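Secondary and tertiary structure notes
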Amino acid sequence: MRSGLLSLVVLALGLSVWAEPKLSPYQLHEKRTHIPPGWSFDRRQSSDAILPLRFALTQSNIEDIGKYLMEVSHPTSPSYGAHWTAGQIARKFSPSDETITIVRVWLEENGFDGSRITVTPNRGWVQVQATVEEAERLLQTEYHMYRHETGQEHVGEFIRFSLLSNACDAYHLPEHVKPHIDFVTPTVHFDSKLIKRSGAGDYGTTHSIGQPGAGSLPKSAGQISTLLNELENCDQQITPICLRALYGLSHEPLTANKNSYGIVEYTPQAYLQSDLDMFAGNFSEGLVGVAPEMVSIDGGYAQTEYTGFLFNGESSLDLQYGMNLVTSKQKVTLYQVGDMVQGASNNNFLDAIDGAYCSFEGGDDPTQDGIYPDDTPGGYTGVEACGIAKPANVISTSYSYDESELTPFYTARQCAEYAKLGLMGVTVLYSSGDYGVAGNYGLCLEPNGTASPDGTIFNPSFPGTCPYITSVGATQVNPGSSVFEPEGACEQRIYSGGGFSNYFAMPDYQKEAVAHYLKNYNPQYPRSIWNSSGTSRGFPDISANGANYVVAIDGSFELAFGTSCSAPVSGAIFTMINDARLAVGKQPIGFINPTIYSPNFIDAFNDITMGGNQGCGTAGYTAVPGWDPVTGLGTPNFPKLVAKWLLLP
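Notes on the structure follow. The residue count restarts for each chain, going from 1 along the sequence in the order it is written. With the structure being a predicted model, the display of local features is reserved for residues of pLDDT at least 70 and the display and counting of side-chain atom pairs for 80 or more, all residues being used for whole-chain, interface and lining totals. To get the side-chain values, all heavy atoms of the structure are used, and hydrogens and water are removed first.

1. Some remarks on the state of the cysteines
Pairs of cysteine sulfur atoms within 2.5 Å are identified as disulfides in what follows. Per the counting criterion, the structure on display carries three disulfides. Here C415 engages in a disulfide with C466; their sulfurs sit 2.0 Å apart. On the sign convention where negative is left-handed, the bridge of C415 and C466, at about 80 degrees about the S-S bond, is right-handed. One end of the pair, C415, is in helix α11 (residues 408–423); the other, C466, is in the loop between β23 (461–462) and β24 (470–476), and 51 residues separate them in sequence. Of the two residues, C415 and C466, both sit in the buried class. Under the DSSP-based scheme used, a helix requires at least four consecutive residues in state H or I and a strand at least two consecutive residues in state E, with every element numbered from the N terminus. The buried label applies to any residue whose accessible area, calculated with a 1.4 Å probe on protein chains only, is under 20% of its type's maximum; exposed applies above 50%, and partly exposed to all values in between.

2. Overview of the sheet that holds strand β4 (residues 117–119)
Strand order across the open sheet formed by four strands is β4-β5-β3-β11, with antiparallel pairing between neighbours. Edge positions in the open sheet fall to β4 and β11 (181–185), since each of these has one partner strand only. In this sheet, neighbouring strand axes are inclined to one another by 20 degrees on average, regardless of whether the strands run parallel or antiparallel. Should DSSP find at least two bridges between two strands, the strands are taken to pair. Pairing between β4 and strand β5 (residues 125–131): three bridges, direction antiparallel. Note on β5: the bridge partner recorded for I117 is V128. Packed on one face of the sheet, helix α5 (residues 132–139) meets β3 (50–57), β5 and β11 and runs near 125 degrees to β5. A fitted line through C-alpha atoms represents every axis, and for helices the fit uses only the stretch in contact; the resulting angles, taken between N-to-C directions, go from 0 to 180 degrees. Here, two residues are considered to be in contact whenever any of their heavy atoms come within 4.5 Å of each other.

3. Section: the packing of helix α2 (residues 65–73) against α11
For any two helices packed against each other, one specifies the inter-axial angle together with the distance between the axes. At a closest axis distance of 9 Å, the pairing of α2 and α11 adopts a crossing angle of 25 degrees. Judged by the angle between their axes, α2 and α11 are roughly parallel. Relative to α11, α2 is oriented so that their crossing is left-handed. On α11, the residues that touch I65, Y68, L69 and V72 of α2 are A416, A419, K420, G422 and L423. Each residue is assigned to one class: nonpolar for Ala, Val, Leu, Ile, Met, Phe, Trp, Tyr, Cys and Pro, charged for Asp, Glu, Lys and Arg, and polar for all the others, Gly among them. Residue classes in the contact of α2 with α11 are distributed as seven nonpolar, one polar and one charged. Any angle between 65 and 115 degrees counts as roughly perpendicular, while under 35 counts as roughly parallel, over 145 as roughly antiparallel, and the rest as oblique. Handedness of a helix crossing follows the sense of rotation of the near helix relative to the far helix, less than a right angle counterclockwise being left-handed and clockwise being right-handed.

4. Some thoughts on the packing of aromatic side chains
Both the distance between ring centres and the angle between the ring planes are used here to describe each pair of aromatic rings. Pairing of aromatic side chains requires ring centres within 6.5 Å, counting the rings of Phe and Tyr and the six-membered ring of Trp. Pairs whose planes differ by under 30 degrees are stacked, by over 60 edge-to-face, and all others tilted. Under the counting rule described, the total for this entry stands at 28 aromatic pairs. The interplanar angle of 15 degrees and the centroid separation of 6.3 Å between the aromatic rings of W84 and F93 together place this pair among those described as stacked. A centroid spacing of 5.5 Å and a plane angle of 70 degrees characterise the contact between Y418 and Y430, whose relative ring orientation is edge-to-face. With Y418 in helix α11 and Y430 in strand β20 (residues 427–431), this pair connects stretches of sequence that are 12 residues apart. The pair Y418 / Y430 is uniform in exposure class, with both members buried. Residue placement shows R32 over the ring face of Y146; its charged tip is 5.4 Å from the ring centre. Taking the ring centre of W125 as reference, the NZ or CZ of R413 above it sits at 5.7 Å. The criterion is that NZ of a Lys, or CZ of an Arg, lies within 6 Å of the ring centre and within 35 degrees of the ring normal, and then a charge sits over that ring.

What follows is the structure, given as structure tokens:
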């Protein structure tokens, strides 16, 4: 009866608005300041072409998500550890009936018959097929066709090919509708694809962050012929014994059946079981023949068609060290995301582990994320993964974008999802990037926002700048030093990604630490090349070793470098802390940032005070006492961290 009354009220509201059309001025919603590299204007789009317009609806109570997260994550909160269920999250943040009604009525007022308008079952999107003429009138914009064409070899046997993309420079929404829509697609985004040089078919897309040669993947120093598995050689080769010595990690799991550790990989990045066994035979007792527990998302699988460092480097590194450090007693979950044709993005992964995301938020953007079923030959034709897997207690991901690649609305929507995972007690780790203050491939920003090799403006990474994840930078055992001496910021082959967000405000938990840095070590760069406001999110939060890792790749050992090393190692350490807490009947540590920045935890990290993260034609930032935008709070000291977390409720 109550639901029937609600339907009548909504219907009455819709009819009353229809009877008296609401006239309000249009306001700018999103604007693109530049054409992305590789794209050029081709022509004005035909007025009768069809566009699949999708309106991402805003969520209820989303403005308070940070407050809710602090209540369960701050160590002094009386609700510390009282994590939410997925159902509680869905009910709290589902788009409201008012939002759906306002958007639907606006479309009807603008000539779209109700039969053309679809509200997705997840309530997160309103969809309508519109001609370009209708879309331009509705959004007060102009659509153009842009062409991406390099015609040059991209990586290995893959090239970019000519592709046309619908896009506009900006679009507008009525004042009364604007608060109810996060963003509209297709609008200001671009898309491009990779194909095999043979022309055999699509291989992957730019939204597939696992594509070979992607900037966030680890870097190789080539094959090694002699293994140096002794502590005195850790400045030349990092093996598991080096990491255990550096961070005091000596723990045998006691509650492995209650605990979980997840590692995310994006196809075509994949591991070879023979490589896992090769590594285990040298370094990992009890892991020969052991595979991670794979969760296939949107057709993801451990492909073996393509091998070598470009295709196996990331997965092999993550799994070999992640599995070793949590020991053979603790199962590791592998979330393998995306098919071989289309690939995937962070949002595709989030859909799969949280049904509330795809069922209530609908975070996917066709120009950024993999859209399934994929009807391209060889693509995954099954239903898009939605809430098919339980999120692990700790999730490590070593893939990232440049913040500038994505729009503020898109990043904010995804960042809110990480906050929801934190509310559920999940620790989310992301590598901070490998190019210092520059973005992937060493690209920096021009004044108009374009990323280029000649740019001079610092280019932060995402999701590293999201305040609801833990960003992990990289350190090194300095040449000629031992594991018993302080590490420095990584300055071999890669530089620890770090800096200040251009999108996200500084969270409260970080304000004191960052204020100390800015007061005592304020970077002496022109304000025009970095976000010197003192009010933006600083990253990374912590760091771990990221240089000279011995990794088994396609039957040989190679040396790997990158924050791709640092994230899974940190994830393993926090997984063992969860094990200790679960063993005494306590909850997982969940979102750790409010805790690790708190006064009682600052000394539980090894402070890094040497090195920097150069980029954009500068020396970058410098590692100094306390938090810094190179190594964060420092590297984990497992004995201190586990002791302190065991004292919390």
